[in-house]
Amino acid sequence: VTDMHRILLLLVCVYTVRSEEVCCPDAGCFNDDPPFDGLPMPECAEVIQIDMTVYTRANPEGQIITRTTIPPAFDGSKLTIFIVHGWLGSSNNNWMHVMKDDLLAQGDYNAIIVGWAGSSQQIWYPQSASDTRTVGTEIGLVSENVIARGGSDNSRLYCVGHSLGSHVCGHAGTRETLGRITGMDPAGPLFENRDWTCGLNPSCATVVDVMHTNGEANLVLNLGTMKILGHVDFFPNGGGLQPECVLDPLRRQRNSAASNEEVQPMADLTPACSHMRAIDYYIES
């Protein structure tokens, strides 16, 4: 074997183990080093079409907020709450606006609805899972901007995410440490068997609280996880499956008829019933 052959062999080996990398304008670079190996590379914010709208009591119609612009509605002296949806969701999801309205009824906050439908509504779940890094980075950049120019500080930054949105919040806290993160049944697929740093974990905020409602498989794959991800983890009804989230419409109709109640739509026919129940629990609390 000649020296030239050895050099060529070395170059092949180096190329084989070299990390793939994607760099996004003003947002830094992402690679596929562990724990992200085996996942698609994240897309940039410009592709994902991330949108953020801040709502306040004084401005219930909402104003756009970005990494470079802070609208007049934003008040840095108030608690800022980012609300983030998960896979197949969008900023038009009704529950996000119900949650925003209830939060503003409770306190005079900056409530920011975060949409990332350009990725989340892809059928290819692995790409959406990977893009949580990009969306989290964008929230981190907005957080940096409001701290630098909006008069806020880390303790007044709070992120509430459902499913993949929980991991979005985690990546936001990796970019800019937040005061608090609430994970509403964080997504399990592609996350639960990886290192903590692939998504939501206690290092992402001063306080990380997590609610698990679909950590066990039933007739469909568990969409959440039983893995401890926060400083405080709650497991309502054991955290695996939730009451009435069983595919048994006949029993439910009989019970309703026996009690002379109007038969309600079969919410338990939704495969994501237990997974979505975390949102109801959070709004109620």
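Above this text is the structure in question.
Criteria and cut-off values
- Residues numbered from 1 in each chain as written.
- Predicted model: local features only at pLDDT ≥ 70, side-chain atom pairs only at ≥ 80, totals over all residues.
- Heavy atoms only, no water.
- Helix = DSSP H or I, 4+ residues; strand = E, 2+ residues; numbered from the N terminus.
- Buried < 20%, exposed > 50% of the residue type's maximum accessible area, 1.4 Å probe, protein only.
- Contact = heavy atoms within 4.5 Å.
- Phe/Tyr/Trp six-rings, centres within 6.5 Å; stacked < 30°, edge-to-face > 60°.
- Lys NZ or Arg CZ within 6 Å of the ring centre and 35° of its normal.
- Expected span 1.5 Å × (residues − 1).
- Bend = angle between axes of the 7 residues up to and from the residue.
- Polar contact = N/O pair within 3.5 Å; in protein donor to acceptor, adjacent residues only side chain to side chain.
- Pairing = 2+ DSSP bridges.
- Axes fitted to C-alpha atoms, helices over the stretch in contact; angles between N-to-C directions.
- Patch = residues over 30% accessible without salt bridge, like charges linked within 9 Å, V, L, I, M, F, W, Y side chains within 5 Å.
- Areas by Shrake-Rupley, 256 points an atom, 1.4 Å probe, with all protein chains shown as cover.
- Salt bridge = Lys/Arg side-chain N within 4 Å of Asp/Glu carboxyl O.

> Would you mind going over the side chain of Ser119 with me for this structure?
Looking at the element boundaries, Ser119 is found in helix H4 (residues 117-120). Assessed through its relative accessible area of 0%, Ser119 is described here as buried. Beyond its immediate sequence surroundings of up to four residues, Ser119 is in contact with Glu43, Ile48, Gln127, Ser128 and Asp131.

> Explanation requested: the packing of aromatic side chains in the structure shown.
Geometrically, a pair of aromatic rings is defined through the distance of the ring centres and the angle of the planes. One pass over the structure, following the stated rule, counts one aromatic pair. The ring of Tyr55 carries Lys100 above its face, with NZ or CZ at 4.2 Å from the centroid. One cation-aromatic arrangement involves Arg133 over Phe36; the distance from NZ or CZ to the ring centre is 3.6 Å.

> I keep staring at helix H5 (residues 125-149) and nothing clicks. Help me out?
In an α-helix, one turn spans 3.6 residues, which is why side chains three or four residues apart end up on the same side. Over its 25 residues, H5 runs 36 Å from end to end, which matches the ideal 36 Å to within 8%, given 1.5 Å per residue. Of all the bends found along H5, the most pronounced is centred on Asp131 and spans about 30°. Most of H5 sits out of view: 21 of its 25 residues are buried.

> So what exactly am I meant to see when it comes to the side chain of Ser130 here?
Locating Ser130 in the fold gives a position in helix H5. Here the side chain of Ser130 touches Pro40 through a polar contact of 2.6 Å, landing on its backbone oxygen. With sequence-adjacent residues up to four places away left out, Ser130 is seen in contact with Pro40, Met41 and Pro42.

> Sorry, what's going on with the sheet that holds strand S7 (residues 157-162) here?
By definition, the strands of a sheet pair up through backbone hydrogen bonds, in either a parallel or an antiparallel sense. Here we have eight strands laid out as an open sheet, ordered S4-S3-S6-S5-S7-S8-S9-S10, and mixed in their pairing. Pairing within the sheet leaves two strands with one partner each, and these edge strands are strand S4 (63-64) and strand S10 (232-234). Bridging between strand S3 (residues 51-55) and S4 involves two bridges; their strand directions are antiparallel. In the strand pairing of S4, Thr53 is matched with Ile64. Set on the sheet, helix H6 (residues 164-175) makes contact with strand S5 (80-84), S7 and strand S8 (178-184); between it and S7 the angle comes to about 150°. Its contacts with the sheet put helix H8 (residues 273-284) on S7, S8 and strand S9 (205-211), and the angle it makes with S7 is roughly 140°.

> Can you walk me through a nonpolar patch on the surface in this structure?
A cluster of nonpolar residues, Trp87, Leu88 and Ile123, forms a patch on the protein surface that exposes about 320 Å² of accessible area. Tracing the backbone through its elements, the reader meets Ile123 in the loop between H4 and H5. Using a relative accessible area of 71% as the deciding quantity, one classes Ile123 as exposed.

> Even after reading the chapter, I still don't get unusual backbone geometry, so can you show me in this structure?
Leaving glycine out, the prevailing phi sign among residues is negative, and the prevailing peptide bond configuration is trans. Going from Pro34 to Pro35, the amide bond is cis rather than trans, its omega being 10°. Relative to the elements of secondary structure, Pro35 occurs in the loop between strand S2 (28-31) and helix H2 (45-48). Even without being a glycine, Leu88 presents a positive backbone phi close to 70°. Here Leu88 lies in the loop between S5 and helix H3 (94-106). By relative accessible area, which is 45% here, Leu88 ends up partly exposed. The phi dihedral of Asp185 is positive, around 45°, even though this residue is not glycine. Mapped onto the secondary structure, Asp185 falls in the loop between S8 and S9.

> Explain the pairing of S9 here, please?
One face of the sheet, then the other: side chains in a regular strand alternate in exactly this way. For S9, a buried count of five out of seven residues is recorded, marking the element as mostly surrounded by other parts of the structure. Pairing between S8 and S9: six bridges, direction parallel. When the sheet's bridge partners are listed, Thr182 is paired in S9 with Asp209. Sheet topology note: the S9/S10 ladder contains three bridges and is parallel. From the neighbouring strand, Met211 faces S10, where its bridge partner is Phe234.

> Hey, could you run me through the pattern of salt bridges in this one?
Should the charged atoms of two oppositely charged side chains come close, the side chains can pair. If you walk through the whole model with that rule in mind, you get eight salt bridges. One salt bridge connects Arg156 with Asp153, and the closest N-O pair in it is separated by 3.1 Å. Arg156 gets classed as partly exposed once you look at its relative accessible area, which sits at 23%. Arg180 is the salt-bridge partner of Asp209, the closest N and O atoms lying 2.8 Å from each other. Residue Asp209 is located in strand S9, and its partner Arg180 is located in strand S8; the two are separated by 29 residues in the primary sequence. The class of Asp209 is buried, set by a relative accessible area of 11%. One continuous salt-bridge network, built from bridges that share partners, spans Asp75, Lys78 and Asp108.

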